[in-house]
Amino acid sequence: KSSSRVSADADADGGAAADGNDSISNGAEGSIAATATAMATPSSSSDESSTAVGAVKAAAQGIDTGNGDDSIDNFGDIEATAGATIGSTAVSSSLTNGAYSNAYADGSVSAQGISGGNGMDTIANALGGSITAKATSVGYAIGTYSSTHTDGSTAVAGLSAEAAGITGGEGANT
């Protein structure tokens, strides 16, 4: 019997403020870059039962003010990039007994150029300001056997990627 579990988390903030009433300005010459990358590749091999479980999470925010009544002005460049790679492999083999292989991969990726959080936010992307948000997620799950006898193989991969230039959260936002 064999089992492996791997998880990886990555979080990047170009500019972050705690909860409360915040005022942030990215000037015309300002450039904010936030990059988060997570990777996990668990593998498991056994003569009867093997399980491989992997989970990754990556999040990048160019400007994140948290909750509160915030004022954000962007005159420059903001780039938020998040990426995750996940691959799970389980291999079992048995000539006489039951052989079970289970591989699971789960990945979640998000990128936000400006995140105002909950509250009454005023967010302005002025003339000349640019916001880029990129989120990519790549994954696979392989459950297999290497003999003539197997009782079951399962492979499940669940991936999500989300990108937003500006999010204001709940509240009266302008």
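Everything quoted here is computed from the prediction, not taken from an experiment.

When you look at the overall build of the protein chain in this model, what are you seeing that I'm missing?
When helices and strands are tallied, the protein chain shows zero helices and eleven strands. Helices and strands in the protein chain line up, N terminus first, as β-β-β-β-β-β-β-β-β-β-β. For 174 residues, the compact-globule estimate of 2.2 N^0.38 gives 16 Å, and the C-alpha radius of gyration of the protein chain, at 22 Å, exceeds that figure by more than 25%. Overall, the protein chain is about 70 × 30 × 20 Å in size when its C-alpha atoms are taken along their principal axes. For the protein chain, the residues scored as buried account for 39% of the 174 residues in total. Across the protein chain, the fraction of contacts at a sequence separation of at least 24, relative to all contacts at a separation of at least 6, is 84%. Of the roughly 8,400 Å² of accessible surface on the protein chain, a fraction of 48% belongs to carbon and sulfur atoms. When the 4 positive and 19 negative side-chain charges of the protein chain are each reduced to one mean point, those points stand 15 Å apart.

Help me understand the side chain of Ser88, please; the structure alone is not making it clear to me.
With respect to the helices and strands, the residue Ser88 is situated in strand 7 (residues 77–92). Polar contacts involving the side chain of Ser88 include one to the main-chain amide nitrogen of Gly54, which spans 3.5 Å. Once residues lying within four places of it in the same chain are set aside, the contact partners of Ser88 are Pro42, Ala52, Val53, Gly54, Ala103, Tyr104, Ala105, Tyr140, Ala141 and Ile142.

Help me understand the pattern of salt bridges in this model?
Side chains that carry opposite charge are capable of pairing whenever their charged atoms lie near each other. By the definition in use, this model includes one salt bridge. Of the charged contacts in the structure, one is a salt bridge between Lys134 and Glu79, with a shortest N-O distance of 3.9 Å. Highlighted residues: Lys134 in strand 10 (residues 130–145) and Glu79 in strand 7, separated in sequence by 55 residues.

Conventions and cut-offs
- Residues numbered from 1 in each chain as written.
- Predicted model: local features only at pLDDT ≥ 70, side-chain atom pairs only at ≥ 80, totals over all residues.
- Heavy atoms only, no water.
- Helix = DSSP H or I, 4+ residues; strand = E, 2+ residues; numbered from the N terminus.
- Rg over C-alpha atoms; globule rule 2.2 N^0.38 Å.
- Buried < 20%, exposed > 50% of the residue type's maximum accessible area, 1.4 Å probe, protein only.
- Contact = heavy atoms within 4.5 Å.
- Areas by Shrake-Rupley, 256 points an atom, 1.4 Å probe, with all protein chains shown as cover.
- Lys, Arg positive; Asp, Glu negative; His and termini not counted.
- Charge placed at Lys NZ, Arg CZ, Asp CG, Glu CD.
- Polar contact = N/O pair within 3.5 Å; in protein donor to acceptor, adjacent residues only side chain to side chain.
- Salt bridge = Lys/Arg side-chain N within 4 Å of Asp/Glu carboxyl O.

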